[in-house]
Amino acid sequence: MREDFKSTARELADFSLPLIASGVLQQLYNWADAFIVGNVVGEAALAAVGATATAVGFYIYLIAGFSVGLSILFAQTYGSGDMRAMPRILSTFSAVFLAAFSALAALGMFTAPALLRLLHTTPDTIAMAEDYLVIVLAGVPFLALYNVYSAALRGLGDSRAPFYAVLVSSAVNVALDLLFVAVFRWSVAGAAAATVASQAAMALFLIFYAARRYPVLRFNFKDRLIDRAALAEGCRLGFPPTVQFSVTSLGNLALQNFMNGFGTQTVAAVTTAYRIDTIILLPIINLGSAISTLVAQSRGAGDRERMGRIFSAGAALMAAVSVALTLLVIPTGSRLIALFGAGGEAVAIGHDFFLRIASFYWAFGLATAFRGYIEGLGDVLWSSCAGIAALAFRIAASYALVSFFGNMVIAYAEALSWILLLALYAARAAHNKKLIERRGI
């Protein structure tokens, strides 16, 4: 039994590491925009890029939300051995994603000025924020295609291919950031153009890699591109997390508006801290994705025992990783914020933020482990509803507790929402386990 546990833990680690590496690289090229802009142009430009984070995040959340369902669908299909369905799923969602997100990106570019005003973007940053947002939204269709192919490859058990694609993308982004911002002096517009070019390179690399390496992921454009059965099943699994992620993004807009009220230094500190926090939490997030994918494959194969081993090993790994990340970020977070060109006051605010939020990484980690398990079972509706409930709690807590904690309420409210998520996911996982034992897979 111990050997089975160790073997499963190694399998999770092997699957997770390339995902973590690709996530780190993906965040690093986002960092490159902020780092180069902050140091070359100044703190106001850094705040301008940060002020667009929630607006850009809306599209990322939409894509990532549906991709959660697609990953489960591809993994369950692969686990069941139905290889003929794979190209139908891939062609269906490649076409749907490309059309839908091209239209949404165009709408976002048109409404960007009004949105930034609605968010009360500070007067000294709004013009630069508009330049950055309008350009960077042009990369959304490429990001959508990348996520469809990434979901397909993860479903097949290949977590390395997305890493290779992001490696190419990161190199393109950093090189063009230096050229456009530091040499051509195009300010935030140059950083945005570099991001779009890097996203195009990432998507094209992964498409060609998948078609060359996996015959099962090739489809003929002469055949019907959209399969109704695949679309229906993908939507069943994809819509709940998409709704949750969309609501989360809209909630983040409300939280951005709330945070803007604390002034430019807090905006620069906390948005930069979230950039760092995002990359720090990648081992947790991607280990959760590994749990979800391997549980989905096991469910497709009808292997109930393996599902239990995956969760047990994943939860143990998650606890250890969460503690390690807490010990890493508390003493180093403020130094990382300073690297982005933030001033002394912003660095001090960032230090206080990390001291509070990192103390609750354990709750986020365990909640993510439970979430991966229930989503791998296909129980995405509960997962999504729990996420929306936690967001509503976070917003309410931000406004209710601001008189007690000041600008640090941003950290405390999020930490409390993680604890709520942990309770909701753990309760649902226990319920699902009883159902599986009583009814079977």
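Below is a short write-up of the structure. (Residues numbered from 1 in each chain as written. Predicted model: local features only at pLDDT ≥ 70, side-chain atom pairs only at ≥ 80, totals over all residues. Heavy atoms only, no water.)

### Examining the overall build of the chain
Defined as follows: Secondary structure is summarised from DSSP: a helix means a run of H or I of at least four residues, a strand means a run of E of at least two, and numbering begins at the N terminus for each. Values of the radius of gyration come from C-alpha atoms, whereas the globule rule sets the reference at 2.2 Å times the count of residues to the power 0.38. Burial classification: accessible surface area is computed with a 1.4 Å probe over protein chains only, and a residue below 20% of its type maximum counts as buried, one above 50% as exposed, and the rest as partly exposed. Positive residues here are Lys and Arg, negative ones are Asp and Glu, while His and the chain termini are left out of the count. All charge positions are set by atom: Lys at NZ, Arg at CZ, Asp at CG, Glu at CD.
When helices and strands are tallied, the chain shows 16 helices and zero strands. The C-alpha atoms of the chain give a radius of gyration of 21 Å, which matches the 22 Å a tight globule of 441 residues would have. Over its C-alpha atoms, taken along the principal directions, the chain stretches across nearly 60 × 50 × 35 Å. Classification of the 441 residues of the chain by burial places 55% in the buried group. Separation between the mean location of the 30 positive side-chain charges and that of the 24 negative ones in the chain comes to 8 Å.

### What to know about the packing of aromatic side chains
Quick reminder of the rule: Planes of paired rings set the category: under 30 degrees apart is stacked, over 60 is edge-to-face and the rest tilted, where pairs are Phe, Tyr or Trp rings (Trp by its six-membered ring) whose centres lie within 6.5 Å.
Taken as a whole, this structure holds 18 aromatic pairs when the rule is applied. Relative to tyrosine 209, the ring of tyrosine 164 lies with its centre 6.2 Å away and its plane at 55°, an arrangement referred to as tilted. Here tyrosine 209 lies in helix H8 (residues 187-213) and tyrosine 164 lies in helix H7 (residues 161-183), a separation of 45 residues in the sequence. A relative accessible area of 16% places tyrosine 209 in the buried class. By the ring-pair criterion, three or more aromatic residues cluster together here, those being Phe66, Phe93, Phe97, Phe101 and Phe239.

### Section: the environment of glutamine 76
Counted only if it meets this: Two residues qualify as a contact provided that any one of their heavy atoms is within 4.5 Å of a heavy atom in the partner residue. Here a polar contact is taken to be a pair of N or O atoms separated by no more than 3.5 Å, where protein atoms must pair a possible hydrogen donor with a possible acceptor and residues adjacent in sequence count only if both atoms sit in side chains.
Mapped onto the elements of the fold, glutamine 76 is located in helix H3 (residues 53-80). Placed 225 residues apart in sequence, glutamine 76 and alanine 301 show a C-alpha to C-alpha distance of 7.7 Å. If we ignore the near neighbours within four places in the chain, the residues touching glutamine 76 are Ala296, Arg299, Gly300, Gly376, Leu377 and Gly378. From its side chain, glutamine 76 meets the backbone oxygen of glycine 376 in a polar contact 3.4 Å long.

### What about the packing of helix H14 (residues 361-376) against helix H15 (residues 380-405)?
The line we're drawing: Lines are fitted to the C-alpha atoms to define the axes, a helix being fitted only along its stretch in contact, and any angle between axes, read from their N-to-C directions, falls within 0 to 180 degrees. All residues other than Ala, Val, Leu, Ile, Met, Phe, Trp, Tyr, Cys, Pro, Asp, Glu, Lys and Arg, Gly among them, are scored as polar; the first ten of these are nonpolar and the last four charged.
Across the interface, H14 lies against H15 with an axial gap of 8 Å and an inter-helix angle of 145°. Across from Arg371, Ile374 and Glu375 in H14, the residues of H15 making contact are Val380, Trp382 and Ser383. A per-class count over the contact of H14 with H15 returns three nonpolar, one polar and two charged.

### Some thoughts on the nonpolar core
Defined as follows: For our purposes a nonpolar core is just a set of buried Ala, Val, Leu, Ile, Met, Phe, Trp, Tyr and Cys residues, chained together by side-chain atoms within 4.5 Å.
If you look at the biggest cluster of nonpolar residues, it comprises 64 residues, and the most contacted ones within it are Leu70, Phe74, Phe97, Leu133 and Leu217. Of the residues forming this core, the biggest block, 12 residues, is contributed by H3.

### Some points on the packing of H3 against helix H4 (residues 85-118)
The following threshold applies: An angle counts as roughly parallel when it lies under 35 degrees, as roughly antiparallel when it exceeds 145, as roughly perpendicular when it falls between 65 and 115, and as oblique in every other case.
Taken N-terminus to C-terminus, the directions of H3 and H4 make an angle of 170°; their axes are 10 Å apart at the nearest point. Relative to H4, the element H3 lies roughly antiparallel. For the pair H3 and H4, contact is made by Ala55, Tyr59, Leu62, Ile63, Phe66, Ser67, Leu70, Leu73, Phe74, Thr77 and Tyr78 and by Ala85, Met86, Ile89, Leu90, Phe93, Phe97, Phe101, Leu104, Ala105, Leu107, Gly108 and Leu115, respectively. Here the residues of the contact of H3 with H4 sort into 20 nonpolar, three polar and no charged.

### Things to note about the side chain of serine 198
With respect to the helices and strands, the residue serine 198 is situated in helix H8. One polar contact links the side chain of serine 198 to the main-chain carbonyl oxygen of threonine 195, over a distance of 2.7 Å.

### A word on unusual backbone geometry
Phi is mostly negative for residues that are not glycine, and the peptide bonds are mostly trans. Within the chain, arginine 185 stands out as a residue other than glycine whose phi angle is a positive 60°. Position of arginine 185 among the secondary structure elements: in the loop between H7 and H8. Notably, serine 187 is not glycine yet its phi reads approximately 60°, a positive angle.

### Remarks on the pattern of salt bridges
Cut-off, in case you're wondering: Only one rule defines a salt bridge in this text: a Lys or Arg side-chain nitrogen within 4 Å of an Asp or Glu carboxyl oxygen.
Applying the stated criterion across every chain yields a total of seven salt bridges. The partner of arginine 309 in a salt bridge is glutamate 305, with the nearest N and O atoms 3.5 Å apart. Separated by four residues within a single helix, arginine 309 and glutamate 305 lie in helix H12 (residues 304-339), roughly one turn from each other. Between aspartate 379 and arginine 428 there is a salt bridge; the shortest N-O distance is 2.7 Å.

### Side note on the state of the cysteines
In protein structure, a disulfide is the covalent linkage between the sulfur atoms of two cysteines. Where we set the bar: Cysteine sulfur pairs qualify as disulfides if the two atoms are within 2.5 Å.
In total, this model carries zero disulfides according to the counting rule given. Free of any disulfide, cysteine 235 has its nearest neighbouring cysteine sulfur in cysteine 385, separated by 17 Å.

### Quick notes on the environment of leucine 328
Here leucine 328 lies in helix H12. Relative accessible area serves as the criterion here: at 43%, leucine 328 is assigned to the partly exposed category. Sequence-wise, leucine 328 and methionine 259 are 69 residues apart; in three dimensions their C-alpha atoms are separated by 26 Å.

### What to know about helix H11 (residues 282-301)
Short version of the rule: Expected span, for any helix, means 1.5 Å times one less than how many residues it has.
Across its 20 residues, H11 extends 28 Å between first and last C-alpha, which sits within 8% of the 28 Å expected from 1.5 Å per residue. Counted residue by residue, H11 has 15 buried out of 20 residues, so it is predominantly covered.

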